[in-house]
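Coordinates in review
Single-letter residue listing:
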Amino acid sequence: MQKKRMLIVGGGIGGMAAAIALSQSGHAVDLIELDAQWRVYGAGITITGPTLRAFKSLGVLDAIREQAYTGDGIQVCSIDGARLAVLPTPVRLEDGIPGCGGIMRPVLHRILSERVLAAGVNVRLGVTVEKLTQVSSQVEVMMTDGRCAVYDLVIGADGLFSRIRTLVFPDSPAPAYTGQSAWRVQLSRPPEIDRRHFFLGGPYKVGLTPVSSGQMYMFLLENSAEKRRVPDENLPDELARLTSSYGGIISAIGKSLTAESTIVHRPLEAFLLPGPWYVGRVLLIGDAAHPTTPQLASGAGLAAEDGLVLADEIAKSEQIDVALARYMSRRYERCLLVVKNSLEIGRREQAGRPIEEQTVLVEESLKMLANPI
């Protein structure tokens, strides 16, 4: 295998996964991240079995199991908190991979970033791409700090509002508001929250996800025709208002919120980018190519899979263009399934369709995602 020089733009989950996989395959990898502190914001995220499978391939599953939550099934509760039934994990993967889990974003970021540095990736912070020029079989890159370099492949992993996407696909659709906003709040985890919990029958989709032995997060999906921006100082009172019609633990959480509570409110935005997701030697991965809403809890998993599949295809072919074409043949339909079905579930939630019509699409999707990547 001929050693290639790669540039990854963006130090999130997809960028770090690609950096780990490609450097482990023997390539010279530079990773640049605009945030000079390489920080990550947010509360917790849910991780599915297929996502945990991808993390196992990246060599970080053991660290996740030690520092996060992994388990099986979902406890379904009424709006007042009464336990109704346990939904089993739709499909169990191979031995040693839990059915689902939850983790704080900063914890996952730390685990992956440590792996990136240990793999020998050259990480540069506080910089991104100013200009791309494709010449023959390489890409000339001008950085925002004035440096220039030549690469065999440039990977845009810079998220929903990707600069690389605007450079190579100037006519691509802009992220569009879906009609929903996601609320998340970080909380202490009581012993009775032994697995993921959903509270059904109320005005919003509400759930609790453990993220460690002592922590969990609550999520709430709010429907609103217009995209709302809630000032930080108003977040506790507004989330308390949204949970006021619930009983049990959700009611208690709403009443306990203060200015010190860690609350994240984010309007959900997405779009469909037609394939292929590359032009010449510049490829988009993760949210830069296929941003999705959280209904299938698979955005992080898709991003991690992108890095693994890309490294696998480049290892199989000395020709980058052949590897990218094969990459697209493996990734496009799988990612499209998640984006389209997540948006459809969101539409069903907003329309107040029966719970069964929402959950059946979740189960069908997760069964498809259980297939090998």
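This text follows the structure it describes.
Now for a look at the structure at hand. Every chain is numbered on its own, with residues counted from 1 as its sequence reads. Only residues with pLDDT of at least 70 get local features here, since the model is predicted, and only at 80 or more are side-chain atom pairs given and counted; chain-wide, interface and lining totals rely on the full set of residues. Note that the side-chain values use all heavy atoms of the structure and ignore hydrogens as well as water.

1. What about the side chain of Arg-184?
Each helix is a run of DSSP H or I of at least 4 residues and each strand a run of E of at least 2, with the numbering of both proceeding from the N terminus. Examined against the element boundaries, Arg-184 turns out to sit in strand β13 (residues 176-188). Three exposure classes are used, based on accessible area relative to the maximum for each residue type with a 1.4 Å probe and protein chains only: buried under 20%, partly exposed in between, and exposed over 50%. His is not counted, nor are the chain ends; Lys and Arg add positive charge and Asp and Glu add negative charge. A pairing counts as a salt bridge when a side-chain nitrogen of Lys or Arg comes within 4 Å of a carboxyl oxygen of Asp or Glu. The buried charged residue Arg-184 lacks any salt bridge partner; its closest oppositely charged side chain belongs to Asp-287, at an N-O distance of 10 Å. Two N or O atoms form a polar contact when they lie within 3.5 Å of each other; inside protein one atom must be a possible hydrogen donor and the other a possible acceptor, and for residues adjacent in sequence the pair counts only when both atoms belong to side chains. At 3.3 Å, the side chain of Arg-184 and the backbone oxygen of Gly-44 are in polar contact. Setting aside residues up to four positions removed in sequence, Arg-184 forms contacts with Ala-43, Gly-44, Tyr-217, Met-218, Phe-219, Thr-262, Ile-263, Val-264, Arg-266 and Pro-294. Pairs of residues are marked as contacts when any of their non-hydrogen atoms sit within 4.5 Å.

2. What to know about the packing of aromatic side chains
Under the pairing criterion, centres of Phe, Tyr and Trp rings, with the six-membered ring standing for Trp, must be within 6.5 Å; the plane angle then separates stacked pairs below 30 degrees from edge-to-face pairs above 60, leaving the rest tilted. Under the counting rule described, the total for this entry stands at 2 aromatic pairs. Each ring, one from Phe-198 and one from Phe-219, has its centre 5.9 Å from the other, and the planes form 90 degrees; the classification is edge-to-face. Placement of Phe-198 in strand β14 (residues 196-199) and of Phe-219 in strand β16 (residues 215-223) is noted, with a sequence separation of 21 residues between them. A relative accessible area of 15% places Phe-198 in the buried class.

3. Observations regarding the sheet that holds strand β8 (residues 122-125)
Judged by pairing direction, the sheet is mixed, and its 6 strands sit side by side in the order β8-β2-β1-β12-β19-β18 without closing on themselves. Across the chains shown, the open sheet's two edge strands, defined by having one partner strand only, are β8 and β18 (278-279). Pairing of strand β1 (residues 5-9) with strand β2 (residues 28-33), which is carried by 5 bridges, proceeds in the parallel orientation. In the strand pairing of β2, Arg-5 is matched with Ala-28. At least two DSSP bridges between two strands are required for those strands to pair.

4. Brief notes about the environment of Glu-233
Relative to the assigned elements, Glu-233 resides in the loop between β16 and α6 (235-242). Given a relative accessible area of 61%, Glu-233 falls into the exposed group. Each C-alpha atom of the pair Glu-233 and Val-29 lies 42 Å from the other, and the pair is 204 residues apart in sequence.

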